[in-house]
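A look at the structure
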Amino acid sequence: MTAQTLYEKLWNSHVVTQLGDGEALLYIDRHLVHEVSSPQAFVAMREAGRPLRRPGTHYAVVDHAVPTRSPRADGVRLGTIADAQAAAQIAELEANVAEFAVPYAQLDGPEQGIVHVIGPESGFTLPGTTIVCGDSHTTTHGAFGALAFGIGASEQGTVMAAQSLRQKPARTMRIHLTGTRHPFVFAKDIALAIIGQIGAHGAAGHAVEFTGEVIATMSMAERMTLCNMMIEAGSRVGLIAPDDTTFAYIKGRRLAPKGAQWDQAVAYWRSLASDPGATYDRTVTIDVSALAPQVSWGTTPDQTLPIDGVVPDPAQIADATAARQAEKAIAYMGLTAGQSLDSIAITHAFIGSCTNGRIEDLRAAAGIAYGRKVASGVRAIVVPGSAATRDLAEAEGLDKIFVEAGFEWRLAGCSMCVAMNDDRLAPGERCASTSNRNFEGRQGPGGRTHLMSPAMAAASAISGHIADVRKFLA
Ligand SMILES: CC(C)[C@H](C(=O)O)[C@@H](O)C(=O)O
Ligand code: SF4
């Protein structure tokens with residue numbers, strides 16, 4: 001048999017039937033649901049008078065609209081949400097999951113959190129499965145060796161009714177990471193450097209698989225950060241072959257296989273790795289040894305440079321379109337060509353999101369915040385990716401480190417990653433952010449976003465300007 005890549009194995013094992021024209025009917029194992037993208041699909045099911053084909057294969061949560069502060073000490077309750085639109089979205093999701101018997105991570109329950117954080121934490125995300133969600137950052141789950149991708153509202157309805165989707169296979173792209181990184185260069189820096197190099201559409205049409213010795217050194221949190229960001233390079237699929245790190249992460253989680261099933265599962269999961277000699281349509285090799293921490297200066301994630309760089313001069317950019325885009329981005333961002341990136345003053349710092357709201361991210365930020373103070377004039381918020389992450393962080397005392405340093409310690413949710421809840425920037429405000437998108441208005445109309453790692457965002461909060469975290473190395 002010909003050597004297969006991880007992607008090909010996942011694809012082939014889920015094809016129900018070939019439909020012609022290169023399309024296949026693909027079996028969908030699991031569907032994650034959140035309040036923003038799911039309402040239409042439930043309406044369609046209701047109108048068609050259909051039940052869900054396999055209710056237990058869906059898992060719903062509220063994350064985008066939830067406030068991260070509550071007048072109640074024990075968390076957010078529907079009745080305490082002031083924003084009428086947010087409250088309505090959450091109420092609708094709750095009514096839908098009750099009507100269609102979809103398992104639901106309660107708003108005030110122990111598994112609430114960002115959909116891409118709680119999927120893995122609950123053991124819902126498993127290697128070898130197909131996972132979909134009406135959300136572009138579903139790429140995150142590929143870190144487990146699952147074929148996971150974002151889908152639209154009508155496709156969500158199809159999955160609910162038929163447990164399958166028409167799909168065309170993607171081309172394959174291998175991103176091979178070699179070398180040894182600086183201790184303050186994280187998965188986020190590597191992701192931003194990749195996007196900076198290949199462009200915001202550089203992986204379009206491709207399923208990306210990460211390989212190389214750097215992956216072996218990464219925790220699941222870092223692997224998820226990498227895969228999460230691949231949608232910002234245009235790829236709907238980011239993949240990493242499951243290994244012992246993956247299995248150690250999954251073992252014992254609520255929905256993970258147990259007993260003899262566990263052993264069978266691990267044996268199968270091990271077989272998913274790309275075969276020696278498997279070929280990819282494209283390969284990009286990146287040596288991480290010389291990488292500096294990265295920061296975005298513009299309004300697309302590929303407008304990113306090493307922290308020791310300067311805001312580019314559009315006049316020096318040869319490509320006319322890129323030059324125009326740079327000019328527009330510099331104007332929106334209120335920057336000056338030639339200005340050093342580590343001199344840009346900030347008003348906000350946001351540590352959180354499905355990219356960087358996991359316990360490892362909070363530890364990295366707390367390591368920088370410890371014994372220091374947020375600069376005056378900066379509002380810094382730390383938003384755990386899930387209630388479970390928040391509990392774990394509190395058990396480790398991270399909340400105290402943050403609060404003593406002047407950071408606000410919040411409840412779980414998407415928060416300032418996306419302007420769909422109370423946490424947002426006002427026009428002209430500038431944020432050092434650990435999220436994944438720096439589009440115009442992403443964190444609030446007129447707000448300015450600089451993407452970076454949690455350690456960099458903490459260093460920036462303390463410095464009052466975008467700062468090189470390597471200067472904090474004791
Ligand atoms: C609201 C949702 C559909 C959206 C997405 O698809 O990613 C959001 O999560 C985002 O990050 O922009
Ligand atoms: S944290 Fe941000 S990127 Fe992730 S699902 Fe929420 S809004 Fe989307």
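Residues numbered from 1 in each chain as written. Chains lettered and ligands numbered in written order. Predicted model: local features only at pLDDT ≥ 70, side-chain atom pairs only at ≥ 80, totals over all residues.

**Let's talk about the domain arrangement of the protein**
Domain annotation for the protein reports domain 1 (6-167), domain 2 (171-287) and domain 3 (294-472). The straight-line distance from the C-alpha centre of domain 2 to that of domain 3 is 24 Å. Listed per partner, the contact involves 18 residues of domain 2 and 23 residues of domain 3. Looking at the side of domain 2 that touches domain 3, the elements that each hand over two or more residues are α6 (187-198) and α8 (220-229). Examining the composition of the side of domain 2 that touches domain 3, we find that 6 residues originate from one element, α6, more than from any other. Classifying every residue of the side of domain 2 that touches domain 3 gives 8 nonpolar, 6 polar and 4 charged. (Domains from an automatic or database assignment. Contact = placed C-beta atoms within 7 Å. Helix = DSSP H or I, 4+ residues; strand = E, 2+ residues; numbered from the N terminus. Nonpolar A, V, L, I, M, F, W, Y, C, P; charged D, E, K, R; others polar.)

**Remarks on the nonpolar core**
Membership of the largest hydrophobic core comes to 145 residues, with the highest contact counts inside it found for Ala-349, Ala-365, Ala-369, Ala-455, Ala-457, Ala-458 and Ala-461. A per-element tally of this core places α6 first, with 8 residues. Contacts of Ala-369, omitting those with residues within four sequence positions, involve Ile-401, Phe-402, Ala-405, Phe-407, Ala-458 and Ile-462. (Core = buried A, V, L, I, M, F, W, Y, C linked by C-beta atoms within 7 Å. Buried ≥ 20, exposed ≤ 12 C-beta atoms within 10 Å, placed from the backbone.)

**Section: the pairing of strand β6 (residues 130-133)**
If a strand is regular, its side chains alternate between the two faces of the sheet. The two faces of β6 match: Thr-130 and Val-132 on one face and Ile-131 and Cys-133 on the other face are all buried. In terms of strand pairing, β6 meets strand β7 (residues 147-150) through 4 bridges, oriented parallel. Bridged to Ile-131 within β7 is Ala-148. (Pairing = 2+ DSSP bridges.)

**Some details on helix α13 (residues 359-369)**
The buried fraction of α13 is high, at 8 of 11 residues. Following α13 by one or two positions, Gly-371 has its phi on the positive side, about 70°.

**With respect to the site of ligand 2**
Every one of the 14 residues lining ligand 2 counts as a neighbour, but Ser-353, Cys-354, Cys-414, Cys-417 and Val-418 are closest to it. Elements supplying a minimum of two residues to the shell around ligand 2: α4 (115-122) and α12 (353-356). Two domains each put at least three residues into the shell around ligand 2: domain 1 (6-167) and domain 3 (294-472). (Near = placed C-beta within 6 Å.)

**Remarks on unusual backbone geometry**
Here the phi dihedral of Asp-21 falls at roughly 55°; this positive angle occurs in a residue that is not glycine. Position of Asp-21 among the secondary structure elements: in the loop between β1 (15-20) and β2 (23-27). With 7 C-beta atoms packed within 10 Å, Asp-21 lands in the exposed category.

**Observations regarding helix α11 (residues 320-333)**
Here α11 contains 14 residues, and its C-alpha end-to-end distance of 20 Å stays within 8% of the 20 Å for a straight helix at 1.5 Å per residue. Those residues of α11 not exposed but buried are Ala-326, Ala-329, Ile-330 and Met-333. One side of α11 holds all its buried residues, which, seen down the axis, span an arc of 100°. In α11, the exposed positions that point more than 90 degrees away from the buried face belong to Ala-320, Thr-321, Arg-324 and Ala-331. (Expected span 1.5 Å × (residues − 1). Arc of directions from axis to C-beta.)

**Concerning the UniProt feature "binding site: [4Fe-4S] cluster" (unreviewed entry) in the protein**
UniProt records the feature "binding site: [4Fe-4S] cluster" (unreviewed entry) for Cys-354, Cys-414 and Cys-417 in the present numbering. In sequence the annotated residues extend across 64 residues, while in space they remain close, none of their C-alpha pairs exceeding 8.8 Å. Mapping Cys-414 onto the fold places it in the loop between β17 (408-409) and β18 (430-433). Residue classification places Cys-414 among the buried residues on the basis of 29 C-beta atoms within 10 Å. A residue is classified by how many C-beta atoms lie within 10 Å of it, and Cys-417, with 29 of them, is buried. Beyond its immediate sequence surroundings of up to four residues, Cys-417 is in contact with Gly-352, Ser-353 and Ser-435. (UniProt positions renumbered as here; feature names shortened; annotations may be inferred.)

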